[in-house]
Amino acid sequence: MASVSIKKLGVSFGSLNVLRDLDLEVDQGEFIVLLGPSGCGKSTLLNAVAGLLDVDAGQVWIGGKNVTWEEPKDRGIGMVFQSYALYPRMTAEGNLTFGLRVARMPKDEIARRVDRTADLLQIKPLLGRRPAELSGGQRQRVAIGRALVRDVDVFLFDEPLSNLDAKLRTELRVELKKLHNQLNSTMIYVTHDQIEALTLADRIAVMHGGVIQQLAAPKEIYRRPVNRFVAGFVGSPAMNFLEGTLTIVDGAPAIRIGDVTTGLAGYDFAAAPVEGRAVVLGIRPEQIVLADAAAAPSQVPIDIHLIDPMGADSLLWGTVGSDTVSVRIGPDDEYTVGDTVAGHFHPDQASVFDAGTGVRL
Amino acid sequence: MIAVAVGVYVIGIAFTFYWSFTSSKLFPNNNLVGLDQYRRLWSSDRWLVAVNNIWIYGVLLIVFSLVFGYLLAVFMDQRIRQEAVLRSIFLYPFAMSLIVTGLIWQWMLDPNLGIEQTLHGWGWTSFHFSPLVDPETAIYGLVIAGIWQGSGVTMAILLAGLRGVDSEIWKAARVDGIPTWRVYLFIALPMIRGALATAFVLQCVGVVRVYDLIVAMTGGGPGIATQMPAVYVIQMISSSQNVGQGMAAATMMLLPILVVLAFGGLAMWRRRRRAAMGATP
Amino acid sequence: MSAGDMTLTDTEAEARWGTQPGGVKPRRFSPARLGIYGFLVISALFFLIPLYVMIVTSLKTMPEIRLGHLFSLPGEVTFQPWVDAWLNACTGRDCNGLHPGFLNSLKITIPSVVVSIIIASINGYALSFWRYKGANLFFGLLVFGAFVPYQVVIYPLIIAAREAGLYSTLAAIVIVHTIFGMPILTLLFRNYYASVPIELFKAGRVDGAGFWQIFFRIMVPMSVPITTVAVILQVTGIWNDFLFGVVFAGRSNWPMTVQLNNIVNTTTGVREYNVNMAATILTAAVPLAVYFISGRWFVRGIAAGAVKG
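Note that the coordinates shown come from a computational prediction; the quantities given were computed from them, not determined experimentally.

**Q** Break down the arrangement of the chains for me, with residues and values.
**A** Pairwise contact counts over the two pairs of chains in contact peak for chains B and C. Structurally, chain A and chain B remain out of contact, their C-alpha atoms never closer than 14 Å.

Below is the structure:
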């Protein structure tokens, strides 16, 4: 078991700062997902932990040891890559054992480890095949095996499921989660897929512009995003954003959107709300309720533009003032395009961001 | 290791450049004479003929082999039978030495042995085609041999380029009813710029280096009619025992390469700049 | 995963023209198709006739050649010119035919090909995976080197070889071929390794493999295609070389091309065209064999050799 801690890490390519002053503590046995759009620095961070690129500033500690300048092989890590990166001219077994052979491990120990790993991943029958003779899912299993066989405490995954089709991706995702429960080792997992992040992670680090925007448990990230970027990046369909102005009505906070004003009583403001402040109200599509008005105290009028049936449910698209909103509705709910309906919501489920900085208020 | 390989070029060029300012004869010396060798070079008939020849040879060879090569590629692209056989036929001369090519065409164009003699034998006695014996036309004989040797390669490179063009482009052009020849000329040709550049560069390098062909085919003659810079340099450093002069000529040979590379670099720089500006409009 | 995907497969052509019946199927006897085949056949004749003339002439006797029927088949086939070309043809006073040149060409080509490919593959690997200071400068100089006319550096090399006491030896010609093959071959290998996913290299490092282990155990086994291309390029290039052979190898090591030129362009004696043509075909035989055996790989080699950068 080993923890990973990254201290004041800085990485730049030429004049471009990819990571700046980045801190991250990963506990023993924790499954951390680095989530973000491409170019956010998440893969760079993972490569820095692996020792595959030189850092310009800061330190990387693994298992209580400063490994900033150690070779990758000496860091006690295993890594799984997006393209599998299996050595094409070696069999699956050759791929598993290459690192061990390079380290001149005794033959019987190698055999024992291969046996155990192949059992765990159910790849025994594949051991004699070359990568070209394996399917995508089988290749990725072998690639995971190559990391496991090293018997290390920290596993690094660089978008390992991105090259698989949707069905296989779901299957392997479940298996990875089981694997983590079995091994209980530390895992750092890079992805741009929020479903993977939400399902796998103990904690998610949402990254943008080389900075960790928010580090929290999946539910917290989903419910209480710290800023507009996190709010907009996590969740599908994306969170609705309504521009408005804060006001105080009868001593309670409220928001004016266009010429409609609705109360925000119950919203947990971090600091006392200031009258007249330009804000953005964020509400997830499933948090807007069109019927059952009594349950939700606040409401905005929605002009219906389009209904998108999606199978299990439907999406209603409309506008509030000049902002587009989407509302998750039942598959059989009947609404007429062109009508205006009242969208109800609980202020305590919503998010309010400063219009200028995007920070949660 | 890589430093050694690169170093040979850098150091070699430096020495060549340095000796071009000396009065070196059979062996290099350090007697600096300024630009004397260059002045002598540019007043030498032999060199002026060589420079003139390489222009004629280069322009004709490159134009003809690109046009002929593209025509062959386009015709080969028409789903013809026996494509592999034809490709082998068009390409095999390139596998052979330029010495061999030169000898073959020396015989083919020999008025007492080759095409002319044969046609006379068939009764067409007024036929006259023996470019190599006339100083005025000998250079065109070399061009024929060059085309014979190099067009197939151009064809192969351009055909590979054509096959790499997105198949949907062809479908779109068919739907739009654009005649096939127009597609090849105005749509496909600009799309295979890369292959064209490759073929062009390959021919250019061949032209500047042309030496073996001359030696085998004409020996630079008749007289000095088919002199080329590459031949001139070798003659100066061997039989003429005039190293300084040879080095000046060699340095001049480097000039066009530098110009071409500078253009290439400029084009790359501009493309990169345009890409950068496109990214942040 | 190949450098220079210069493949010319029929499936690609099919993808373009579609496979639906009718419509795009070529009509067999349209004037346009006739024109296409006419052009191609005439072109093929242009390329083939010289070879045909060489072969038939080499099988004729001298009296028959003097009749001047260049294209006619030999009235009476004789193999004596081939025997003479191989064993007895004269250059000046030496009348040993081409076979010493053949052996010399083997002695030059084999070590040159092996040495240059080993060095170039290591260089290409180092350039594409191990970023070190000045790698870009080296790369730029290599591209430049690929374009430099041989004449520009040949004399300093002669002097260097003479200073090292290697002038007119087999070692000199092997070194020279290695040096002049270096830019193209290094670019070839660099481009190939640059197309190998970088993750493979990272996986090797995580597995604890170093510079040489990654090279020998991961990269070399993957390099069969590009090595094939390099071998074709080098074998034909070095076998066909004339200039370096005549300058560096020395009289006793002259390769086949030099001896051929001497035999044919010798000014003494009667010109024996049949022997000369047999000698010419013999000299071209090795690269032609490589060409016909390697087929499509040859095209790849040329395209890759043309500096795709």
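There is more to say, and it comes next.
**Q** Summarise the pairing of strand β10 (residues 211-216) of chain A; cite the residues concerned and give the values.
**A** All names here are of chain A. The sheet contact formed by strand β9 (residues 203-208) and β10 spans five bridges and is antiparallel. When the bridges of β10 are listed, H208 appears paired with V211. If you look at the hairpin formed by β9 and β10, you'll find two residues sitting between the two strands, and G209 has a positive phi there, around 60°.

**Q** Which residues make up the sheet that holds strand β5 (residues 65-66) of chain A, and what are the values?
**A** Residues and elements named next belong to chain A. The antiparallel open sheet is built from four strands, whose spatial order is β2-β1-β4-β5. The sheet is open, and its two edges are formed by β2 (16-26) and β5, each paired on a single side. In this structure, strand β4 (residues 57-62) lies alongside β5, joined through two bridges in antiparallel fashion. When the bridges of β5 are listed, I62 appears paired with K65.

**Q** Describe the nonpolar core, listing the residues and the values that go with them.
**A** Core analysis: the biggest nonpolar cluster contains 223 residues, and A:L9, B:Y57 and B:F90 have the highest contact counts within it. Take this core: its biggest share by element is 14 residues, from helix α3 (residues 45-76) of chain B. Excluding residues within four positions of it along the chain, A:L9 makes contact with A:L19, A:R20, A:D21, A:L22, A:L45, A:A48, A:V55, A:A57, A:G58, A:Q59 and A:V60. A:Y84, A:I110, A:A143 and A:L148 belong to the second-largest nonpolar core, a separate cluster that totals 43 residues.

**Q** Can you explain the interface of chain A and chain C? Please cite residues and give values.
**A** Each partner contributes to the interface: chain A provides 27 residues, whereas chain C provides 16 residues. Carbon and sulfur atoms supply 60% of the area that chain A and chain C bury against each other, a total of about 1900 Å² over both sides. Linking chain A with chain C are two salt bridges, by the criterion used here. Of the charged contacts in the structure, one is a salt bridge between C:D207 and A:R150, with a shortest N-O distance of 3.4 Å. Our count for the contact surface shared by chain A and chain C stands at nine residue pairs in polar contact (both at pLDDT 80 or more). Put simply, the parts of the chain that give the side of chain A that touches chain C at least two residues each are β6 (77-80) and α2 (92-102) of chain A. By residue number, the principal contributor to the side of chain A that touches chain C is α2(A), which donates five residues. Of the residues belonging to the side of chain A that touches chain C, the class tally is 13 nonpolar, seven polar and seven charged.

**Q** For the side chain of B:S20, give the residues involved together with the corresponding values.
**A** Here B:S20 lies in the loop between α1 (2-19) and α2 (36-41). With near-sequence residues (within four places) excluded, B:S20 lies in contact with B:G34, B:Q37, B:Y38, B:G244, B:M247, B:A248 and B:T251.

**Q** Give a description of the side chain of C:S116 that names residues and reports values.
**A** Residues and elements named next belong to chain C. Within the element layout of this structure, S116 appears in helix α5 (residues 99-129). A polar side-chain atom of S116 sits 2.9 Å from a polar atom in the side chain of Q234. When near neighbours in sequence (up to four residues on either side) are disregarded, S116 contacts T178, M182, L185 and Q234.

**Q** Before we move on, can you summarise the pattern of salt bridges with the specific residues and values?
**A** Overall, the coordinates contain 23 salt bridges over all chains when judged by the stated rule. With a shortest N-O distance of 3.7 Å, A:R169 and A:D193 are connected by a salt bridge. Residue A:R169 is found in helix α5 (residues 166-183), and its partner A:D193 is found in the loop between β8 (186-191) and α6 (194-200); the two are separated by 24 residues along the sequence. On the basis of relative accessibility, which here comes to 25%, the residue A:R169 falls in the partly exposed class. For B:E83, the salt bridge is made with B:R87, and the minimal N-O distance between the two is 3.2 Å. Taken together, the residues B:E83 and B:R87, both in helix α4 (residues 83-95) and four residues apart, mark about one turn of the helix. We note that B:E83, like B:R87, is buried. Salt bridges sharing partners connect three or more residues here, namely A:E109, A:R112, A:R113, A:R116 and A:D151.

**Q** Break down the interface of chain B and chain C for me, citing the residues and quoting the values.
**A** Counting residues at the interface gives 92 residues for chain B, matched by 88 residues for chain C. When the two sides are added together, the surface that chain B and chain C hide from each other amounts to roughly 8400 Å², 76% of it contributed by carbon and sulfur. Where chain B meets chain C, there are zero salt bridges. Here chain B is connected to chain C by twelve residue pairs in polar contact (both at pLDDT 80 or more). When its residues are assigned to classes, the side of chain B that touches chain C shows 69 nonpolar, 13 polar and ten charged.

**Q** Which residues make up the packing of aromatic side chains, and what values go with them?
**A** Enumeration over the complete set of coordinates arrives at 41 aromatic pairs over all chains. Ring centres of C:F211 and C:W212 lie 4.8 Å apart, and the angle between their planes is 80°; this geometry places the pair in the edge-to-face category. Note on C:W212: relative accessible area 44%, which makes it partly exposed. Centre to centre, the rings of C:F215 and C:F216 are 5.0 Å apart; their planes meet at 70°, and the pair counts as edge-to-face. Residue class for C:F216 comes out partly exposed when judged on its relative accessible area of 48%. Sitting over the face of the ring of A:Y87, A:R146 holds its NZ or CZ atom 4.8 Å from the ring centroid. Across from the ring centre of A:F241, 4.4 Å away, lies the NZ or CZ of A:R228, which sits over that ring.

**Q** Talk me through a nonpolar patch on the surface; I want residue IDs and the actual numbers.
**A** Together, C:L103, C:L106, C:I110, C:V114, C:V115 and C:I118 make up an exposed nonpolar region whose accessible area comes to about 480 Å². Judged by relative accessible area, which is 52%, C:I110 ranks as exposed.

**Q** Account for the domain arrangement of chain C, with residues named and values stated.
**A** Residue and element names in this part refer to chain C. The assigned domain composition of chain C is domain 1 (10-58) and domain 2 (99-306). Taken together, the contact pairs five residues of domain 1 with five residues of domain 2. Area buried by domain 1 at its contact with domain 2 is led by M54, T57 and S58, which between them contribute 78% of it. Scanning the region where domain 1 abuts domain 2 turns up zero salt bridges. If you look at where domain 1 meets domain 2, you find zero residue pairs in polar contact (both at pLDDT 80 or more).

**Q** Requested: an account of the sheet that holds β10(A), with residues and values cited.
**A** Residues and elements named next belong to chain A. The strand order across the open sheet formed by six strands is β6-β7-β8-β3-β9-β10, and the pairing between neighbours is mixed. Lying at the two open borders of the sheet, with one neighbouring strand each, are β6 and β10. For this sheet, the mean inter-axis angle between neighbouring strands, taken without regard to orientation, is 15°. Inspection of the sheet shows strand β3 (residues 31-35) paired to β9 by four bridges, in the parallel sense. Within β9, the position partnered with L34 by the bridge is A205. Sheet strands touched by α5: β3, β7 (154-158) and β8. Its angle to β8, the strand with the most contacts, is close to 160°.

**Q** How would you explain helix α2 (residues 31-58) of chain C if you had to name every residue and give the values?
**A** Turn by turn, an α-helix covers 3.6 residues, leaving residues three or four places apart pointing in a common direction. Between its first and last C-alpha atoms α2(C) spans 39 Å; for 28 residues at 1.5 Å apiece the expected length is 40 Å, and the two agree. Approximately 40° is the largest bend angle found in α2(C), and it occurs at C:L48, with the proline C:P50 only one to four residues beyond.

**Q** Could you give me a rundown of helix α1 (residues 42-50) of chain A, with the residues and numbers involved?
**A** All names here are of chain A. Among the nine residues that make up α1, eight are buried, leaving the element largely enclosed by the rest of the structure. Looking only at α1, the buried set comprises K42, T44, L45, L46, N47, A48, V49 and A50. The first or second residue beyond α1 is G51, which carries a positive phi of 85°.

Each value, and the rule that gives it
Residues numbered from 1 in each chain as written. Chains lettered and ligands numbered in written order. Predicted model: local features only at pLDDT ≥ 70, side-chain atom pairs only at ≥ 80, totals over all residues. Heavy atoms only, no water. Contact = heavy atoms within 4.5 Å. Pairing = 2+ DSSP bridges. Helix = DSSP H or I, 4+ residues; strand = E, 2+ residues; numbered from the N terminus. Core = buried A, V, L, I, M, F, W, Y, C linked by side-chain atoms within 4.5 Å. Buried < 20%, exposed > 50% of the residue type's maximum accessible area, 1.4 Å probe, protein only. Buried area = accessible area lost by both parts, 1.4 Å probe. Salt bridge = Lys/Arg side-chain N within 4 Å of Asp/Glu carboxyl O. Polar contact = N/O pair within 3.5 Å; in protein donor to acceptor, adjacent residues only side chain to side chain. Nonpolar A, V, L, I, M, F, W, Y, C, P; charged D, E, K, R; others polar. Phe/Tyr/Trp six-rings, centres within 6.5 Å; stacked < 30°, edge-to-face > 60°. Lys NZ or Arg CZ within 6 Å of the ring centre and 35° of its normal. Patch = residues over 30% accessible without salt bridge, like charges linked within 9 Å, V, L, I, M, F, W, Y side chains within 5 Å. Areas by Shrake-Rupley, 256 points an atom, 1.4 Å probe, with all protein chains shown as cover. Domains from an automatic or database assignment. Axes fitted to C-alpha atoms, helices over the stretch in contact; angles between N-to-C directions. Expected span 1.5 Å × (residues − 1). Bend = angle between axes of the 7 residues up to and from the residue.

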